[in-house]
Amino acid sequence: MHHTPDTPTIQWLEGNSEQAAHWQSERLLPPPRQVMVADDTLTADTAYRLASEGKAFLWRSDFQNARQLLQAMARRLDKNAEYKKSKASKAGKSPEQYPQRFHLYRQAQAQRSRILGSILIPVNDDYSIPLRRAPNVLEACTQAWGEPVQDGNVRIVSLRELIGMVGAHEWRKKGVEIAALGRAPNNRIHPFYGVFSPVRGEYIDLLSKAPLPTACLNGGMALDVGTGTGVLTAVLARRGVGRVLAIDNDTRALACAQFNIQNLGLAAQVEFMHAELFAGQIADLVVCNPPWLPGKPTSPLERAVYDEQSSMLKGFIEGLSAHLQPGGEGWLVLSDLAEHLKLRTREELLSWIAEAGLRVVGRLDTQPKHGKAFEATDPLYDARSKETTSLWRLAVA
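Residues numbered from 1 in each chain as written. Predicted model: local features only at pLDDT ≥ 70, side-chain atom pairs only at ≥ 80, totals over all residues. Heavy atoms only, no water.

Moving on to the overall build of the protein. Scanning the protein from N- to C-terminus turns up 12 helices and 17 strands. For the protein, whose C-alpha radius of gyration is 23 Å, the value lies close to the compact-globule estimate of 21 Å for 397 residues. Over its C-alpha atoms, taken along the principal directions, the protein stretches across nearly 75 × 60 × 40 Å. Counting every position in the protein, which comprises 397 residues, the buried fraction comes to 46%. Considering only contacts within the protein whose residues lie at least 6 apart along the sequence, 70% involve residues at least 24 apart. (Helix = DSSP H or I, 4+ residues; strand = E, 2+ residues; numbered from the N terminus. Rg over C-alpha atoms; globule rule 2.2 N^0.38 Å. Buried < 20%, exposed > 50% of the residue type's maximum accessible area, 1.4 Å probe, protein only. Contact = heavy atoms within 4.5 Å.)

Encoded structure:
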């Protein structure tokens, strides 16, 4: 990764001298202002208390001990959350109603992320970590940041982000098995770092079952708007759609989609375009799986979940009729979790569809299979347990 003059810098006092280094944050967080040098003498209780006050710790000791400290701080956060919950319960306080409850949940998640992001690790310009028992993270860093530029600059990164990068690297190597793509081994999608992983298979299954417009199987074209890993493009191509245009405005996502389509042997049917929404194209089928929750993303990866003011969802619905061939369909894949969280109503969604000159020609529904839908301890369990994901088949009215 090349450093530009606007690369953020983190500063701290070490010994009696002022030190500075490049600050690296995938979440695009600003560098912490209060940084203290820390080692194995820092206890979890002290670290938790100081981190809650806004301090960050530049680690100068054993790498594995830093990991253990991070885990100990996470346990304290969980215990504190349980304590607050039982205290509220004993006081007879009923939990806030949605959407306020959801906003408080997001605030708590942001606070948790900030506290657990307070342990900082130095990374050399060759992506080695100058700490005892540090792992080799060269491959994971190269995939996330690009080839190392040996310019003598050390960068400081949150340990939690670094662990996330290593985890993403393992996911990329292993891949995610997608039942809708057929039999193993040729049915895996490999998510790149920073690209949302298709671990929620139920919405992909909907796409494999919906009846395709006839034109798509007779030389017609489909658009996959916001392709991400390319998983929906791959399902359409495997279903026999002769030409699919995969569109995304994120360069990482497009690189990821290209890799997956090539790897699955589907490159002859697929083209890629770096663009917003429909990229000015007209097709027989337009597929979109927009972020499901209205809200402001707090990191690039959250853009796959949060859609500020429902702008992508509205943009897709409003522009769809102008981008469909006669007899064409738009497939909108959308969870109704936002409705259960009182962030959007079903009436709003249906009015947007009607106002855009569209009609619903069919709908396929499925229930979530992911863990959180069955985890009664999850703060949003009552909403998650009612969630339905739908594929709305839309046509010009």
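Before going further, it helps to spend a moment on helix α7 (residues 231–238). Of all the eight residues making up α7, seven are buried; the element is thus mostly covered by neighbouring parts of the structure. Among all positions of α7, only Val231, Leu232, Thr233, Ala234, Val235, Leu236 and Ala237 are buried. Positive phi appears at Gly240, one or two residues downstream of α7, with a value of about 100 degrees.

For the coordinates displayed, the defined rule picks out 17 salt bridges. Residues Arg252 and Glu26 are paired through a salt bridge, measuring 2.6 Å at the closest nitrogen-oxygen approach. You can see Arg252 sitting in helix α8 (residues 251–263) and its partner Glu26 sitting in the loop between β2 (17–24) and β3 (34–38), a full 226 residues away along the chain. Notably, a salt bridge pairs Glu53 with Arg49, separated by 3.9 Å at the nearest N-O pair. A relative accessible area of 45% places Arg49 in the partly exposed class. If you follow the salt bridges from partner to partner, you end up with Asp40, Asp62, Arg132 and Arg133 in one network. (Salt bridge = Lys/Arg side-chain N within 4 Å of Asp/Glu carboxyl O.)

Turning our eyes to something else, we now look at the nonpolar core. Leu236, Val286, Ile317 and Trp331 are the most contacted members of the largest nonpolar core, which totals 56 residues. Broken down by element, this core gets its largest block of residues, six residues, from α7. Ignoring sequence-local partners within four residues, the contact set of Val286 consists of Leu223, Val225, Phe278, Phe316, Leu320, His323, Leu324, Glu329, Gly330 and Trp331. Counting 35 residues, the second-largest nonpolar core is a separate cluster that includes Leu70, Val137, Leu159 and Tyr193. (Core = buried A, V, L, I, M, F, W, Y, C linked by side-chain atoms within 4.5 Å.)

When two helices pack together, their arrangement is given by the angle between the helix axes and by the axis-to-axis distance. The geometry of helix α6 (residues 201–209) relative to α7 is characterised by a closest axis approach of 10 Å and an angle of 25 degrees between their N-to-C directions. Viewed along their axes, α6 and α7 adopt a mutual orientation that is roughly parallel. Relative to α7, the crossing made by α6 is right-handed. Here Tyr203, Ile204, Leu207 and Ser208 of α6 come into contact with α7, specifically with Val231, Leu232, Val235 and Leu236. Here the contact of α6 with α7 is built from residues that sort into seven nonpolar, one polar and no charged. (Axes fitted to C-alpha atoms, helices over the stretch in contact; angles between N-to-C directions. Parallel < 35°, antiparallel > 145°, perpendicular 65-115°, else oblique. Left-handed = near helix turned anticlockwise from the far one by under 90°. Nonpolar A, V, L, I, M, F, W, Y, C, P; charged D, E, K, R; others polar.)

Reading across from one edge, β11-β10-β9-β12-β15-β17-β16 is the order of the seven strands in this open sheet, with mixed pairing throughout. Strands at the two margins of the open sheet, each flanked by one partner only, are β11 (270–274) and β16 (358–366). The sheet shows a mean angle of 20 degrees between the axes of neighbouring strands, direction not considered. Where strand β15 (residues 324–335) lies against strand β17 (residues 389–396), six bridges are found, and the strand directions are antiparallel. Across the sheet, Leu332 pairs through a bridge with Trp392, a residue of β17. Its contacts with the sheet put helix α11 (residues 346–355) on β15, β16 and β17, and the angle it makes with β17 is roughly 25 degrees. (Pairing = 2+ DSSP bridges.)

What follows covers the side chain of Ser197. Relative to the helices and strands, Ser197 resides in the loop between β8 (188–189) and α6. For Ser197, a relative accessible area of 18% gives the class buried. Filtering out sequence-adjacent residues up to four positions away, Ser197 remains in contact with Val176 and Pro191.

Sheet architecture is open: six strands sit in the order β1-β2-β6-β5-β4-β3, paired in mixed fashion. The open sheet has two edge strands, β1 (9–14) and β3, and neither has a second partner. For this sheet the average axis-to-axis angle between neighbouring strands, irrespective of direction, equals 40 degrees. In terms of strand pairing, β2 meets strand β6 (residues 155–158) through three bridges, oriented parallel. Within β6, the position partnered with Gln24 by the bridge is Val157.

Functional significance is not addressed by these values, which are geometric in nature.
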